[in-house]
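Working through the structure, step by step
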2 protein chains.
Amino acid sequence: MENMEKNLLETIADIRGFMPGSAFNLRKNGEGVERHSTEHVKISAKTDKPGIDIRIDANTVGESIHIPVILTESGIKDVVYNDFYIGENCDVEIIAGCGIHNDGCDTSQHDGIHTFHIGKNAKIVYSEKHVGEGNGSGERILNPTTVIHMEEGSYAKMDMSQIKGVDSTMRKTEANLGPKAKLVINEKLMTHGKQKAYSDVTVNLNGEDSVVQIVSRSVGKDTSVQVFHPIAVGNNKSRAHIQCDSIIMDEAKISSIPEIAANHVDAQIVHEAAIGKINNDQLIKLQTFGLSDEEAEKVIVEGFLK
Amino acid sequence: MENMEKNLLETIADIRGFMPGSAFNLRKNGEGVERHSTEHVKISAKTDKPGIDIRIDANTVGESIHIPVILTESGIKDVVYNDFYIGENCDVEIIAGCGIHNDGCDTSQHDGIHTFHIGKNAKIVYSEKHVGEGNGSGERILNPTTVIHMEEGSYAKMDMSQIKGVDSTMRKTEANLGPKAKLVINEKLMTHGKQKAYSDVTVNLNGEDSVVQIVSRSVGKDTSVQVFHPIAVGNNKSRAHIQCDSIIMDEAKISSIPEIAANHVDAQIVHEAAIGKINNDQLIKLQTFGLSDEEAEKVIVEGFLK
């Protein structure tokens, strides 16, 4: 593996290659190039369309599954379907992520459609980092779709971030929660240049005592455009808390269109959103420590997205 | 005037008839039935369509203008255009409101389209109460449209409430704020039975240092449906605060879809929304004072919408 590829893997998945003993699937330029299963985590290629099935046995605890995707050739359009079947009582970590290194003039695009079937009382922590890099004029496009079905008493924490360098993204997330299911979504997004980012999140609280918490933080720089559209629908006794905070800089435009719907008398739904520029007092304080305008902004933005 | 009509007037406009010395226009069952101007407030019938022009001289201070509408016959569909021209430096109060008393089996409907032109540094307090009553099976429908143009330094406080008995309402409000203009909207809405209420509010913060504050409070009972869609668009250095709180009861359904858009780096926009049922501790406290379930709920709902 080239050094550039190892660096990309490190950025998106905190690894520099396959980790012995753990389940792993690396997809590169539209093809599976390395795959390892373990006793309780079986990864197999789909036969009807591009992508993999990840089947995790019931009661599997403590395993980490890495399924990174990298695109290093210019002009590739990759569509992949990954289905996760997580057995009852599991407690596992899944690390996805996609890095595009585009040095060419053609568009490189990855559309990952992830579907999670989370069994009764299972617990997952999922992280997904998206990044674009390279010196080519070709666009870097990432359109992730995430569908989450949660059975009774299951728990999912989804950390989804787009770090930088992604020219256009259309993020779609849909979750259906059973009784006592709890979903936590942390979304982090930074756009710069002429980038565009759209994020639609729909959470259906179908089961009694289901809970969702969505925290979305974003920074829009230069002339970039961001549109957030989170929807929480309380169809049963349930709780939802959505919080969207955005820092607007330069000539950026940011919209937030949350939708909360209570279809049940015991649905309790709260939403908060704020868009504003960097706090001036914070800037001045950092500047008195000797930081330049740019350095101070960098510290604040990184702290905000941490 | 019949007693029923006087009672309706009192409910919607806190008066029981014409108040001598003040500007007044009463519209009843689709026709203007009484009209009075004052030296500085001229009310005249439109010649091209139903409705009135209300012209208030610059520097007019302390006047109250009452323009109530009542529908007491079943089966009337009334559309009316009222245009307000408020001169510079005015400080006036405008009391609108519409009451429908429908004892028949046909639909009674009033669509009031109000357009405000608020001059430089002028200040208005506007209140509009909507109510439906009567024992007929005919529907009571109220579709108010309010358009507000605010010049530099102007101030408007709009108290808009729908008390009860309105079967269907489609409320549209649009405001365009000039430099240093400040708009405060207080919306209160109660629905019961099979009622439906939709409220769209769009505020364009076009001028530098313009400010809007929207507070919407609603209670949905029985099988009623409410949908709120407030939009604040910051096109300049500006501030917006939107707050929507709803109490859901019985089999009601309530949706809140606020939209905040920052198109300028110095636009500061905050939104908060919450939907939930009546606080149980409050209910229990009132019940220990000897109130029945129903009485306790009534006290809480009235306090919330006060």
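Cut-off values and rules
- Residues numbered from 1 in each chain as written.
- Chains lettered and ligands numbered in written order.
- Predicted model: local features only at pLDDT ≥ 70, side-chain atom pairs only at ≥ 80, totals over all residues.
- Heavy atoms only, no water.
- Helix = DSSP H or I, 4+ residues; strand = E, 2+ residues; numbered from the N terminus.
- Buried < 20%, exposed > 50% of the residue type's maximum accessible area, 1.4 Å probe, protein only.
- Contact = heavy atoms within 4.5 Å.
- Areas by Shrake-Rupley, 256 points an atom, 1.4 Å probe, with all protein chains shown as cover.
- Lys, Arg positive; Asp, Glu negative; His and termini not counted.
- Charge placed at Lys NZ, Arg CZ, Asp CG, Glu CD.
- Axes fitted to C-alpha atoms, helices over the stretch in contact; angles between N-to-C directions.
- Parallel < 35°, antiparallel > 145°, perpendicular 65-115°, else oblique.
- Left-handed = near helix turned anticlockwise from the far one by under 90°.
- Salt bridge = Lys/Arg side-chain N within 4 Å of Asp/Glu carboxyl O.
- 1 Å grid on protein atoms, 1.4 Å probe; cavity = no way out; pocket = protein on both sides within 12 Å on 5 of 7 lines; lining within 4 Å.
- Points joined across faces, edges and corners; volume = space filled by probe spheres on them.
- Nonpolar A, V, L, I, M, F, W, Y, C, P; charged D, E, K, R; others polar.
- Domains from an automatic or database assignment.
- Phe/Tyr/Trp six-rings, centres within 6.5 Å; stacked < 30°, edge-to-face > 60°.
- Pairing = 2+ DSSP bridges.
- Buried area = accessible area lost by both parts, 1.4 Å probe.
- Polar contact = N/O pair within 3.5 Å; in protein donor to acceptor, adjacent residues only side chain to side chain.
- Least-squares fit on C-alpha atoms with pLDDT ≥ 70 in both.
- UniProt positions renumbered as here; feature names shortened; annotations may be inferred.

1. Regarding the overall build of chain A
A tally of regular secondary structure across chain A gives three helices and 23 strands. Counting only residues that meet the buried cut, chain A has 53% of its 306 residues in that class. Partitioning the contacts of chain A with sequence separation of at least 6, the portion at a separation of at least 24 is 79%. Counting only carbon and sulfur atoms, one obtains 46% of the accessible surface of chain A, whose full area is about 12,700 Å². A distance of 2 Å separates the average location of the 32 positive side-chain charges in chain A from that of its 45 negative side-chain charges.

2. Regarding the packing of helix 2 (residues 280-288) of chain A against helix 3 (residues 293-305) of chain A
All names here are of chain A. At a closest axis distance of 9 Å, the pairing of helix 2 and helix 3 adopts a crossing angle of 120°. With respect to helix 3, the axis of helix 2 lies oblique. When the axes of helix 2 and helix 3 are compared, the crossing they make is right-handed. Of the residues in helix 3, those touching helix 2 at Gln282, Leu283, Leu286 and Gln287 are Asp293, Ala296, Glu297, Val299 and Ile300.

3. With respect to the environment of isoleucine 56 of chain B
Residue and element names in this part refer to chain B. The residue isoleucine 56 is located in strand 4 (residues 51-56) in this model. Measuring from C-alpha to C-alpha, the distance between isoleucine 56 and glutamate 88 comes to 9.2 Å, with 32 residues separating the pair along the chain. The residues touching isoleucine 56, leaving out its near neighbours within four places in the chain, are His40, Val41, Ile65, Tyr85, Ile86, Gly87, Cys90 and Val92.

4. Focus on the pattern of salt bridges
Residue and element names in this part refer to chain A. Overall, the coordinates contain 26 salt bridges over all chains when judged by the stated rule. Lysine 46 is paired through a salt bridge with aspartate 53; the nearest N and O atoms lie 2.6 Å apart. A salt bridge links lysine 237 to aspartate 209, with the nearest nitrogen and oxygen atoms 2.8 Å apart. Of this pair, lysine 237 sits in the loop between strand 19 (225-234) and strand 20 (238-248) while aspartate 209 sits in the loop between strand 17 (196-205) and strand 18 (210-220), and the two are 28 residues apart along the sequence. Three or more residues joined by partner-sharing salt bridges are found here, namely Lys46, Asp53 and Asp83.

5. Notes on the layout of surface pockets
All names here are of chain B. When its volume is computed, the largest pocket comes out at roughly 730 Å³. Every element with two or more residues in the lining of the largest pocket is listed here: helix 1 (3-13), strand 11 (123-133), strand 14 (155-164), strand 16 (182-191) and helix 3 (293-305). Sorting elements by how many residues they give to the lining of the largest pocket places helix 3 first, with seven residues. Looking at the lining of the largest pocket, its residues break down into ten nonpolar, five polar and 13 charged.

6. Regarding the domain arrangement of chain A
Domain boundaries in chain A define domain 1 (1-135) and domain 2 (167-306). Computed over C-alpha atoms only, the centres of domain 1 of chain A and domain 2 of chain A are separated by 24 Å.

7. As for unusual backbone geometry
Leave glycine aside and you will find that most residues have negative phi; peptide bonds, for their part, are mostly trans. Positive phi outside glycine occurs at asparagine 121 of chain A, with the angle close to 60°. For asparagine 121 of chain A, the position within the fold is in the loop between strand 10 (108-118) and strand 11 (123-133). If you check the backbone angles, lysine 180 of chain B has positive phi at about 60° while not being a glycine. Relative to the elements of secondary structure, lysine 180 of chain B occurs in the loop between strand 15 (168-177) and strand 16.

8. Brief notes about the packing of aromatic side chains
Counted by the stated rule, this structure contains eight aromatic pairs over all chains. Between phenylalanine 84 of chain A and phenylalanine 116 of chain A, the aromatic rings sit 4.3 Å apart at their centres with planes inclined by 5°, giving stacked as the arrangement. Within this pair, whereas phenylalanine 84 of chain A is found in strand 7 (residues 77-86), its partner phenylalanine 116 of chain A is found in strand 10, the two being separated by 32 residues in sequence. Here phenylalanine 84 of chain A matches phenylalanine 116 of chain A in class, with each residue buried. Their ring planes at 80° and their centres at 4.9 Å tell us that phenylalanine 116 of chain B and tyrosine 126 of chain B sit as a pair that is edge-to-face. In this pair, phenylalanine 116 of chain B is assigned in strand 10 (residues 108-118) and tyrosine 126 of chain B in strand 11, connecting sequence segments ten residues apart.

9. Side note on the environment of valine 131 of chain A
Residue and element names in this part refer to chain A. Within the secondary structure, valine 131 sits in strand 11. According to the relative accessible area criterion, valine 131 is buried, its value standing at 3%. On a C-alpha basis, the gap between valine 131 and isoleucine 100 in space is 6.4 Å, while along the polypeptide they are 31 residues apart. What valine 131 contacts, discounting residues up to four positions off in sequence, is Leu8, Thr11, Ile12, Cys98, Gly99, Ile100, Leu142, Lys164 and Val166.

10. Some remarks on the pairing of strand 14 (residues 155-164) of chain A
All names here are of chain A. Where strand 11 and strand 14 come together, nine bridges link them in parallel fashion. When the bridges of strand 14 are listed, lysine 129 appears paired with serine 161. Bridge analysis of strand 14 against strand 16 (residues 182-191) gives eight bridges, and the strand direction is parallel. Across the sheet, residue tyrosine 155 finds its bridge partner in strand 16, namely lysine 182.

11. So, the interface of chain B and chain A
Many analyses report the size of an interface as the accessible area lost when the parts associate. Each partner contributes residues to the interface: chain B has 29 residues there, and chain A has 29 residues. Carbon and sulfur atoms make up 53% of the area that chain B and chain A hide from each other, which totals about 2,200 Å². Ranking the residues of chain B by area buried against chain A places Ile260, Val265 and Ile275 of chain B at the top, with a combined share of 23%. For the pair chain B and chain A, the number of links is two salt bridges. One salt bridge connects lysine 277 of chain B with aspartate 266 of chain A, and the closest N-O pair in it is separated by 2.6 Å. Linking chain B to chain A there are eleven residue pairs in polar contact (both at pLDDT 80 or more). For the side of chain B that touches chain A, the secondary structure elements donating two or more residues are strand 21 (253-256), strand 22 (259-262) and strand 23 (267-276) of chain B. Here the side of chain B that touches chain A takes ten residues from strand 23 of chain B, the largest share from any one element. Along the lines of polarity and charge, the residues of the side of chain B that touches chain A split into 16 nonpolar, seven polar and six charged.

12. Let's talk about the relation of the copies chain B and chain A
Expressed as a screw operation, the relation of chain B to chain A combines 0.0 Å of axial shift with a rotation of 180°, fitting to an RMSD of 0.0 Å. Given the turn and translation reported, the copies of this chain are related as if by a two-fold rotation axis. Within chain B, the C-alpha atom positioned nearest to the axis of rotation is that of glutamate 272 of chain B, 2.2 Å from it. Looking at the interface residues of chain B, 100% of them are also at the interface in chain A, so both copies use one shared face.

13. Observations regarding the UniProt feature "domain: SUF system FeS cluster assembly SufBD core" (unreviewed entry) in chain A
Sites flagged by UniProt as "domain: SUF system FeS cluster assembly SufBD core" (unreviewed entry) map to residues 86-304 of chain A. Summarising residues 86-304 of chain A: 10% helix, 60% strand, and an end-to-end C-alpha distance of 33 Å.

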